[in-house]
Amino acid sequence: MATEAAIMAKGVTLGGRGITLAALLLLLVDLACASRGGNEAWQRESSRQREMMREGEGPLLEVELGQNPGEASYSIVVDGKRWLTSGRSYLRHLGEVCTEGNGKLELVRTEELRGVDAKLGEYEGVSWEWVSKQSRLDNGTVATMVGEIKWFPSLGNLVLFDQHFPNEVVGTQSDGLSCSPTRPQVDQCDSCASMIWQGLSSAFPSFARVEGASEEELGFMEYYGIFENGKDGAEGPNLGLWHKDVVMGGLSSGPIALFNENGNAIVISSHSNFMSASVDSSEGGVVDWGIMGSVGRIPAGFSVSHVLFASNRGINHAFRSWGDHMLSYYGKPPHRAVEDDITNEYLGYTTDKGSYYYYNPEQGKDMNATLVDVYEYSQAEGIPYKNILLDSWWYYRDPSDHSVILWEARDDVFRGGNRGMGEFGEQTGWAFTAHNRFWSNRTEYDELHGGSFKFVHDTGCPCNTTDAYSLPADETFWDYLFEQATREWGLATYEQDWLWPQFLGMTKLLEDASLGRAWLLQMGAAASAHNVNIQYCMAFPRHALQSLEVPAVTQIRASNDYGPTDRAWQWRIGRSSIFVNAIGLAPSKDGVYTSRTEPGGSEGDFVEARPELEVLVALLSTGPVQIADGVGFSDKALIMRTCSEDGLLLKPSKAMTAMDFSLVSEAFGGAKGEFPARSEIWGTYSRIGEEAWMHVLAADVQNATSLSLRDVLNVVESPPSSTNATYLAYHVPDFDVTRIKVVSMPFVGSVVTLPAMDPLDHELWHFAKVLPNGVGILGELDKFVPTSPQRIKGISFDSSHVLVVVVGFPGEEVRLFFAHESAGGIDISEEACVIGKQGDCTIILLVSFSSDQQMHPSGIKHHKGHSSHGQVDQLWRLRRR
C-alpha cells in the first residue's frame, strides 16, 4: 500500500518588485519604523505549512507492504525507487531475543489503520501485534509489542513507525555492554565516558543494509558521539556508503540521513521518548530502531516512535524540513534561540576551558578582581561585552570526583559568595551564563545530607562504580535553584555541562525508560518559570532531540572545548550545525582568542594560528560569540567585525552549515576526509524582506573547487521561483575594499572557483542578487556578514532609487556599498548614514540612466534631508571606485 496524494510546494518568490518614487517615499515611514524583528515575518511562517509543502509531482516517500499478509514486511520507496527493505523486528524478553525467525515471537494480528492524528491529519497504515512465546507474567498477561506504520496522504514526505507495549515486559536488557569497539571488555573500562551499549530492547523498524536491498546506491550521514561533532571517525557525523561502511549505532547515535547523488534525501530519527529511543547497527548488515538496550523493564503503556522524513532538495533541506516538522509537532518556537537569548544576541566574554583565565586568575588576585580588570579593560578599549560565561571554578565541588556539592559562589572567588557575585553583575551590567555539571551523591541539597530535597541516588555506571552521581527527584529542587540564582545574582543562561557522564554514569538513567526524559523536563520547566535559558553541553544527539520538549533550551555546544590540543578540528562545526540548527537551537562553538600569542594564559604560551577564522566561525554559528582573551591582548578591530557598536551580533539568518555537494562528494567519493585534511565549504544566507544574500565560507580547501550558483542558491530555505536573475559574487581580502573581487553570475550554472588553500587559509564569499534597476547591494563590507538582518531592516527600490533602513547604536556610522555592471566592468559605490537617537537611519541611493540605460553618477551633490524620525540622512554622490 502506498500514499496516494501529495501537496505541491508553494514556491516563495524572492526578489523585489519595482515601485514608483511616490510609493517609495511612502514606504520610508514603514521601513524606518521597523522593529528589530519586524522584517523577519517570513521566518515566522507556520512551520506546519512548510512541513506540508512538497516539491515535484506525486508522493516523494511511499511505503510498500509485502504480498503475504501473514508477514510483517515492508519497503521504503523514495521517488519511485526502493531505498530500504525491512529486516527483522524483535522484542527482548526474559533475557532472550524473541523473533519470528527463532520461533520465540509470534505475529498474532494484522490490521489496516485509518484515522486522524491531531497534529498531522488523516493517516493510513498498518498495525502488527506480536506476543512473546516465553512464559507469561504472574497475572497471566503476555509480553506484547504492537508495531504500526502510518503514512499521511496529504503530506507525501513523512512516515511514522510506532511501538506500543500494552503490558509490562521484563528482562529486556541486552548483553551488548562494552567499553568501545576497540576495547570490548567491560573490565577494561577506565571510565563511563568510553562505554557503549549495543543492542536494543525492541526493534521496529528494521532495515537491511546488504547490497541489493536498495535499487540505487545510497550515501549516509550519521550523527554520533559527544558534541555532535567529532574527529577521525571516532565521533560523528559519520559519512559513507549505506550498504558498505560502518554505521556506529548505540547510545551515542542519533539521526541518520540517507541520500543519493541527485538531491533526494530522507532523515530517520526518533520521534518520541528521545532519551530512551535508540538505534543499533547489528551484524549481517541490519540497522534497527527501538528502545535502548540498557533498559531492563518496559512499563505497561510505554511507547516510542520513529520518523522518516523526505526531501528532494538535498541533505540540508531534508534536515531543515524534518526539523520544522519536529518543532511544529512539539510546539517549540523555531526562532526562540535567536530572539530570546541575550547570549546568542550580544557579544560576550568567556572563562571556559581554554580561555586565558580558566582557573587562572591574575597573579596576586582572585577571580573577582581579575574579572573586574577584564571589564575595565573592555570599557577602555570600547569592546561592548554584554554577557559572561562563568565555568566550573566558581562553585563548590567534591574533590574526589569533581561532582557538584553546592551550586553557590565560593567565598574565595566572589567575596561574599552569591552576594559578591551579584555585585559584580551590577557593576558590569553583564548577564551571566553559569556552568554546572553532574550532582554528587553527597550534595548538600539532598535531604540525606541535611538539605531539603529528594534525590535519586546511584552506585555508578556498570563499568565503573567509583564515580557515583545523583539526580534531583522532582521539579521543586530546580525551582529553588533557579529562583535563588535569578534573585541573588542574576542568572540568565544555565549551562548544563557533562551531560554524557551524567547519562552514562548513572545505572538508573540507563535502565529506566522514563527517568532521563523526566530529569530534563523538570529542569526545563523550572527554567522557563524563572525566565532562564539553557545551554546543553557535552551532549549526545538524544539530549539535543529531547530539547524539542524543553522550550528553555536555546543553544547547544556543537564542538569540543577550545583548547590547544583541538585547534585543527574544534572549529569545524559546519556538519554538526545541520542537525543542531534544524531543531531550533543555536550551535555554540565555544570561546575564541583574537590574537595569535597571549603569554601567561591558562594554556601556556601557545599560538592561535587562525584567530580570524575562529571568530568568524563563532559568529556564523548564530550562537554565542565569547572572547577568551587576557587583558591587553584583544584585537578590537577583529572583534568589532562581528557586531554593532553596542555589541549586537550581526549574524546571518541561519547557522552556516556544510554544503550538500561536499557531503555527497565525501560519501560517494571514498575519501573520508581525515582531520585535518578535509575541505570545509559551508553556506548560509541573510534574509531581508523578500531578498536573500548568500554567504559561503571555504577553509582548508584541499583541491580547487568549482562553486556553482545552483549550489549557492540551495542554501536558502525557500529558493527563488525563478533562476533568471543575475547575482554578484564578491570577496573582500583582508577587508580591504580596494582589493574587492566581484564576479558576475548570470545563470545558475555560473561558477566561482575556490582555490586550493594552505591549512590556515580561508575565504568568505557573498552573493547578492542584481535588482531590476541594475544595482546589487553589497552591504557593510567591514563586517563579516555585510547584509545581516540585525543591521538592515528594510529595503525598497524603484527604477531610479534604492532605499535601505539600517539600525544600530545612536551616533554609529554605517557605510554600505553598492555595485552595478556597466560596459566598462563593475562599478562600486559607497553610501553612509549616522544612526539617530531612535536607533535607525536611512540610506537612499539615487540611480540615473542615460538613453543606453547604463548607470551613471547621479550628479547630486552632498544633500541633507529629514527621515521619518527627524535625524539627518546623507545622500552621497554615486562615485566610481
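The rules behind each value
Residues numbered from 1 in each chain as written. Predicted model: local features only at pLDDT ≥ 70, side-chain atom pairs only at ≥ 80, totals over all residues. Heavy atoms only, no water. Helix = DSSP H or I, 4+ residues; strand = E, 2+ residues; numbered from the N terminus. Buried < 20%, exposed > 50% of the residue type's maximum accessible area, 1.4 Å probe, protein only. Contact = heavy atoms within 4.5 Å. Areas by Shrake-Rupley, 256 points an atom, 1.4 Å probe, with all protein chains shown as cover. Core = buried A, V, L, I, M, F, W, Y, C linked by side-chain atoms within 4.5 Å. Pairing = 2+ DSSP bridges. Expected span 1.5 Å × (residues − 1). Phe/Tyr/Trp six-rings, centres within 6.5 Å; stacked < 30°, edge-to-face > 60°. Lys NZ or Arg CZ within 6 Å of the ring centre and 35° of its normal. Disulfide = S-S within 2.5 Å. Salt bridge = Lys/Arg side-chain N within 4 Å of Asp/Glu carboxyl O. pLDDT = per-residue confidence, 0-100. Axes fitted to C-alpha atoms, helices over the stretch in contact; angles between N-to-C directions. Left-handed = near helix turned anticlockwise from the far one by under 90°. Nonpolar A, V, L, I, M, F, W, Y, C, P; charged D, E, K, R; others polar. Polar contact = N/O pair within 3.5 Å; in protein donor to acceptor, adjacent residues only side chain to side chain. Parallel < 35°, antiparallel > 145°, perpendicular 65-115°, else oblique.

### Thoughts on the overall build of the chain
- Scanning the chain for helices and strands turns up 17 helices and 53 strands.
- Buried residues in the chain amount to 62% of all 881 residues.
- The contacts in the chain between residues at least 6 apart in sequence include a share of 71% that link residues at least 24 apart.
- When the accessible surface of the chain is summed, it comes to about 30200 Å², and 49% of that surface belongs to carbon and sulfur atoms.

### Details of the nonpolar core
- Grouped together as the largest cluster of nonpolar side chains are 188 residues, with contacts concentrated most on W322, W394 and W407.
- When residues no more than four places from it in sequence are discounted, the contact partners of W394 are W407, E408, A409, R410, V413, F414, M421, A434, H435 and W489.
- Among the nonpolar cores identified, the runner-up in size contains 31 residues, and I740, L771, L778 and I843 belong to it.

### With respect to the sheet that holds strand 37 (residues 680-688)
- Taking strand neighbours across the sheet as the criterion, the six strands line up as 36-37-38-43-40-41 in an open arrangement whose pairing is antiparallel. Sheet topology places strand 36 (657-658) and strand 41 (741-745) at the edges, where each strand pairs with a single neighbour.

### Here we look at the pairing of strand 20 (residues 286-291)
- Along strand 20, six of the six residues are buried, which leaves the element largely enclosed by surrounding structure.
- Looking at chain direction, strand 14 (residues 206-208) and strand 20 are connected through three bridges and run antiparallel. When the sheet's bridge partners are listed, A208 is paired in strand 20 with V286.
- Note that strand 19 (residues 277-282) and strand 20 share six bridges and pair antiparallel. Residue pairing across strands places A277 opposite I291, the latter belonging to strand 20.

### Comments concerning helix 3 (residues 315-330)
- The end-to-end C-alpha distance of helix 3 is 23 Å, a good match for the 22 Å that 16 residues give at a rise of 1.5 Å each.
- Buried residues dominate helix 3, accounting for 14 of its 16 residues.
- The first or second residue beyond helix 3 is G331, which carries a positive phi of 70 degrees.

### Structural notes on the packing of aromatic side chains
- Taken as a whole, this structure holds 55 aromatic pairs when the rule is applied.
- Between the NZ or CZ atom of K119 and the centre of the ring of Y329, over which it lies, the distance is 4.5 Å.
- One Lys or Arg, R209, reaches over the ring of W242 and ends 5.4 Å from the middle of that ring.

### A short note on helix 11 (residues 515-529)
- Taking 1.5 Å of rise per residue, the 15 residues of helix 11 would be expected to cover 21 Å, and the 21 Å separating its terminal C-alpha atoms lies within 8% of that figure.
- Inspection of helix 11 places L515, G516, W519, L520, Q522, M523, G524, A526 and A527 among the buried residues, and these make up the whole buried set.
- Of the residues flanking the end of helix 11, it is N531, one or two places downstream, whose phi is positive at about 55 degrees.

### Side note on the state of the cysteines
- All chains considered together, the criterion is met by one disulfide.
- In this model C833 forms its disulfide with C841; the gap between the sulfur atoms is 2.0 Å. Disulfide C833 to C841: torsion about the S-S bond roughly 55 degrees, handedness right-handed.

### Quick look at the pattern of salt bridges
- In total, this model carries 33 salt bridges according to the counting rule given.
- Of the charged contacts, one joins D352 and R557 as a salt bridge, the two residues approaching to 3.2 Å between their closest N and O atoms. Taken together, the positions of D352 in the loop between strand 23 (348-350) and helix 6 (367-381) and R557 in strand 33 (residues 553-557) put the pair 205 residues apart, joining distant regions of the chain.
- Residue classification places D352 among the buried residues on the basis of a relative accessible area of 4%.

### Observations regarding the confidence of the model for the chain
- The share of residues in the chain with pLDDT of 70 or more is 83%, and the mean pLDDT across the chain is 85.
- Between residues 181-186, whose pLDDT stays under 50, and residues either more than four places distant or in other chains, the model counts 14 contacts.
- Between residues 849-881, whose pLDDT stays under 50, and residues either more than four places distant or in other chains, the model counts 79 contacts.

### Here's the deal with the environment of F438
- Mapping F438 onto the fold places it in the loop between strand 27 (431-436) and strand 28 (439-440).
- Each C-alpha atom, one on F438 and one on H402, is 8.5 Å from the other, the two residues being 36 residues apart in sequence.
- Not counting residues within four places of it along the chain, the set of residues in contact with F438 comprises D401, H402, S403, V404, Y469, W498, P501 and Q502.

### Structural notes on unusual backbone geometry
- In the segment running from F204 into P205, the intervening peptide bond is cis, with an omega of 10 degrees.
- By the element assignment, P205 lies in the loop between strand 13 (202-203) and strand 14.
- Positioned with a positive phi, T622 is a non-glycine residue whose angle comes to about 70 degrees.
- Under the relative-accessibility criterion, T622 is labelled buried at 3%.
- Non-glycine residue F735 carries a positive phi angle of around 60 degrees.
- For F735, the location among the structural elements is in the loop between strand 40 (727-731) and strand 41.
- By relative accessible area, F735 is classed as buried at 17%.

### Thoughts on the packing of helix 8 (residues 475-488) against helix 11
- Across the interface, helix 8 lies against helix 11 with an axial gap of 8 Å and an inter-helix angle of 35 degrees. Note on packing geometry: the crossing formed by helix 8 with helix 11 is right-handed. Seen from helix 8, the contacting residues are E475, W478, D479 and F482; seen from helix 11, they are W519, Q522, M523, A525, A526, A527 and A529.
- Split by residue class, the contact of helix 8 with helix 11 holds eight nonpolar, one polar and two charged.

### Remarks on the environment of S321
- Looking at the element boundaries, S321 is found in helix 3.
- Exposure remark for S321: the relative accessible area of 11% places this residue in the buried category.
- Sequence separation of S321 and A310 is 11 residues, and the distance between their C-alpha atoms is 8.2 Å.

### Remarks on the side chain of D590
- With respect to the element layout, D590 can be found in the loop between strand 34 (586-588) and helix 14 (611-620).
- You can call D590 buried: its relative accessible area is 3%.
- Within the local environment of D590, its side chain forms a polar contact with the backbone nitrogen of Y562, the two atoms lying 2.8 Å apart.
- Apart from the residues lying within four places of it in its own chain, the contact partners of D590 are D352, K353, R557, S559, N560, D561, Y562 and Q570.

### Brief notes about the pairing of strand 8 (residues 144-151)
- Of all eight residues in strand 8, eight are buried, a share of seventy percent or more.
- Here strand 8 shows no split at all, with T144, V146, E148 and K150 on one side and M145, G147, I149 and W151 on the other all buried.
- Two elements, strand 7 (residues 121-132) and strand 8, share eight bridges in a ladder whose sense is antiparallel. Residue pairing across strands places V126 opposite I149, the latter belonging to strand 8.
- Here six bridges tie strand 8 to strand 9 (residues 158-165), and the two strands are oriented antiparallel to one another. Across the sheet, the residue bridging to W151 is V159, located in strand 9.
- Taking the residues between adjacent antiparallel strands as the criterion, strand 8 and strand 9 are bridged by six residues, where G156 takes a positive phi near 80 degrees.

### A word on the sheet that holds strand 8
- Sheet architecture is open: nine strands sit in the order 6-7-8-9-22-18-17-15-16, paired in antiparallel fashion. The strands lining the two open edges of the sheet, one partner per strand, are strand 6 (105-117) and strand 16 (238-241). The sheet shows a mean angle of 15 degrees between the axes of neighbouring strands, taken without regard to direction.
- Pairing between strand 18 (residues 265-270) and strand 22 (residues 302-311): six bridges, direction antiparallel. In the sheet register, I268 faces strand 22, and the bridge partner there is L308.
- Contacts between helix 3 and the sheet are confined to strand 6, strand 9, strand 15 (219-224), strand 17 (253-259), strand 18 and strand 22, with strand 22 contributing the most and set at about 140 degrees to the helix.
- In the packing of helix 16 (residues 660-669) onto the sheet, the strands contacted are strand 15, strand 16 and strand 17, and the crossing angle to strand 16 comes to about 55 degrees.

### Concerning the packing of helix 6 against helix 7 (residues 418-428)
- Between helix 6 and helix 7, the least distance of the axes is 11 Å, while the angle of their chain directions is 5 degrees. As far as their axial angle goes, helix 7 and helix 6 are roughly parallel. On helix 7, the residues touching N368, L371, V372 and Y375 of helix 6 are G420, F424, Q427 and T428.
- In terms of residue class, the contact of helix 6 with helix 7 is made up of four nonpolar, four polar and no charged.

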